[in-house]
Amino acid sequence: MSKEFILSLDQGTSSSRAILFDSKRNIVGVEQQEFNQYYPKAGWVEQGPLEIWESQFFVARQLIEKSGIQPDKIASIGITNQRETTILWEKSSGKPVFNAIVWQDKRTSDFCTKLKEEGWQDYIRENTGLVIDSYFSATKIHWILKNNPELLKKAKNGEILFGTVDTWLVWNLTKGEKHITDYSNASRTMLYNINKLDWDEKLLELFDIPKIMLPQVYPSSFENVETNESIFGISIPIGGIAGDQQAALFGQMCFEPGNAKNTYGTGCFMLMNTGEKPVISKHGLLTTIAWGVNNKVEYALEGSVFIAGAAIKWLRDALKMIKSASETEKIAENLANNGGVYVVPAFSGLGAPHWDMYARGAIFGLTQGSTNEHIIRATLESLAYQTKDVLNAMEKDSNIRLKNLNVDGGASANNFLMQFQSDILNVEVTRPKIIETTALGAALLAGLSAGFWTKEELLSTRKIEKVFKPEMNNETREKLFKGWQKAVERVGNWIE
């Protein structure tokens, strides 16, 4: 019986999704389920590891049933996941020993400040490619073990395992047979040496994390891992894993150095492929492993904008200026310009390249002529400006000129924003037919291992929906961006 489908498991921050692709990369079906977020204290964000697994398992089973496709028609499973979120569980029972600490969680901020004061920035940047921040997994693991001495003792005896969400899903899919992650996820823990491609002994010592609890690191496309028969009724190969942003970079087919993508979600995530050598950033960006494919490890520069789609949500839910995000396109297009208004949505600080945890949001340039519509347009424009900030830093770090920007995620459907993005960057912006690029990336990696396609075949058959070309003159572009830079400067270090 021929195997015609790839199952992509897309485990995100607020929901678990399953998407079925056929051999021509068409979407056959999608299922999605949200799960709970817990906020035990201000700045703390947790999830239930069993809720993550159960929701992901449920949507996968439901998708297979609804599509009427037999499990033996599925050639391989690809997994993509919210990164940095930290799960610890008992090796013997598979039971979580603590709630998952989510990437957004800030409980280790003070510890991060202490590490900076002790002068760890350079070592961590040069060896992991990351900056010291509560975002990454290392300080979360440290926090759990430090606050639960009994767990630390058990971890040292090999009784407790750590995993990011991909590792947790594979553990459950294989019924505890495989404790693995891939290069892309390992590179987000602040424990993995991206030059030596191994867990960093010095950092394990610093964080007091026993090496025995860490997963084995695989390439992003691999063979010889299968689900337990009890999961889907038969064993199905698991052939691809990548963290969500690296999966989107692969799904956008950014296979050449200088290819970049931006995902417009709750935040914005930009990655630029920099080839087979890591480029350590001097401009506040992260160096990350993009993927390991065909016996080659490739690297990327990454910049995160914390607030993107969340700013549109703020217009809708807090300010009640709009009823739905889709209205913003028409509102912005009906104005000749932004009326001199700038919105800096630094609601939880500024991400790359500023990395200012103490910045806060503000609206500038208001006059008596300013309207809700100007604020709406300025909020949309802020997404494009923040993207430009990051891409400028990437160009400086890599000495690679951005050729074009590949876009995906919810807000990439907004034609006004995409045109403004092209104008302010002065490069073409390409929107693919499938904007589900994260799930697609995981499927492509799994399909590579299943022999469905090669990287070359993928490039030659890429499907584009629309290309936006710059139409703005240089003078206007520079004037607008100067106003933005002035506004960003004003919000810096607001909370002293």
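Overview of the structure. (Residues numbered from 1 in each chain as written. Predicted model: local features only at pLDDT ≥ 70, side-chain atom pairs only at ≥ 80, totals over all residues. Heavy atoms only, no water.)

### Concerning the pairing of strand S15 (residues 268-275)
Regular strands show a simple pattern: their side chains alternate between the two faces of the sheet.
1) Next: Summarising burial for S15: eight of the eight residues are buried, a large majority.
2) Next: Where strand S14 (residues 260-264) and S15 come together, five bridges link them in antiparallel fashion. What sits directly across from Thr 263, in S15, is Phe 269.
3) Next: Taken together, S14 and the strand that follows it, S15, pair antiparallel across an intervening segment of three residues.
4) Next: Bridge count between S15 and strand S17 (residues 296-305): seven bridges; the pairing is antiparallel. Of the residues in S17, the one forming a bridge with Met 272 is Leu 301. (Buried < 20%, exposed > 50% of the residue type's maximum accessible area, 1.4 Å probe, protein only. Helix = DSSP H or I, 4+ residues; strand = E, 2+ residues; numbered from the N terminus. Pairing = 2+ DSSP bridges.)

### Examining the sheet that holds strand S20 (residues 404-408)
To summarise the sheet geometry, strands pair through backbone hydrogen bonds and adopt either a parallel or an antiparallel arrangement.
1) Next: Pairing is mixed in the open sheet, where seven strands are placed in the order S16-S17-S15-S14-S20-S21-S22. Both outer strands of the open sheet, strand S16 (286-293) and strand S22 (464-468), are each paired with one neighbouring strand and no more. Mean inter-strand twist for the sheet, computed between neighbouring axes without regard to direction, equals 30°.
2) Next: Of the strand pairs in this sheet, strand S21 (residues 428-432) and S22 are connected by four bridges, and their pairing is antiparallel. (Axes fitted to C-alpha atoms, helices over the stretch in contact; angles between N-to-C directions.)

### Some words on the nonpolar core
Among soluble globular proteins, nonpolar side chains are generally buried collectively.
1) Next: Counting residues in each nonpolar core, the largest one holds 101 residues, and the members touching the most others are Leu 191, Phe 207, Met 213 and Tyr 264.
2) Next: No other element matches the eleven residues that helix H13 (residues 372-398) contributes to this core.
3) Next: If we skip the residues at most four places from it in the chain, Leu 191 touches Thr 128, Ala 138, Ile 141, Asp 198, Trp 199, Asp 200, Leu 203, Leu 204, Phe 207, Ile 209 and Leu 214.
4) Next: Residues Trp 53, Ile 74, Trp 171 and Ile 241 belong to the second largest nonpolar core, which totals 35 residues. (Core = buried A, V, L, I, M, F, W, Y, C linked by side-chain atoms within 4.5 Å. Contact = heavy atoms within 4.5 Å.)

### Some thoughts on the side chain of Ser 370
1) Next: If you trace the backbone, Ser 370 turns up in the loop between strand S19 (362-364) and H13.
2) Next: A distance of 2.8 Å separates a polar atom in the side chain of Ser 370 from the backbone nitrogen of Thr 367.
3) Next: When neighbours within four sequence positions are excluded, Ser 370 is seen to be in contact with Val 341 and Gly 365. (Polar contact = N/O pair within 3.5 Å; in protein donor to acceptor, adjacent residues only side chain to side chain.)

### Focus on empty space enclosed by the protein
1) Next: According to the stated counting rule, one finds two cavities of 30 Å³ or more in the structure shown.
2) Next: Along the walls of the largest cavity sit Arg 25, Gly 251, Met 253, Pro 432, Lys 433, Ile 434, Thr 437, Leu 440, Thr 461, Arg 462 and Lys 463, which together make up its complete lining.
3) Next: Residue composition of the lining of the largest cavity, by class: four nonpolar, three polar and four charged.
4) Next: If you add up the space inside the second largest cavity, you get close to 50 Å³. (1 Å grid on protein atoms, 1.4 Å probe; cavity = no way out; pocket = protein on both sides within 12 Å on 5 of 7 lines; lining within 4 Å. Points joined across faces, edges and corners; volume = space filled by probe spheres on them. Nonpolar A, V, L, I, M, F, W, Y, C, P; charged D, E, K, R; others polar.)

### A word on the pairing of strand S2 (residues 15-22)
1) Next: In terms of burial, S2 is a largely internal element, eight of the eight residues being buried.
2) Next: Connecting strand S1 (residues 5-11) to the antiparallel partner S2 that follows it, the hairpin turn spans three residues.
3) Next: Examined bridge by bridge, S2 and strand S3 (residues 27-34) share seven bridges and lie antiparallel to one another. In the sheet register, Ile 19 faces S3, and the bridge partner there is Val 30.
4) Next: Taking the residues that link successive antiparallel strands as the turn, the S2-S3 hairpin has four residues, and the phi of Arg 25 there is positive, at about 70°.

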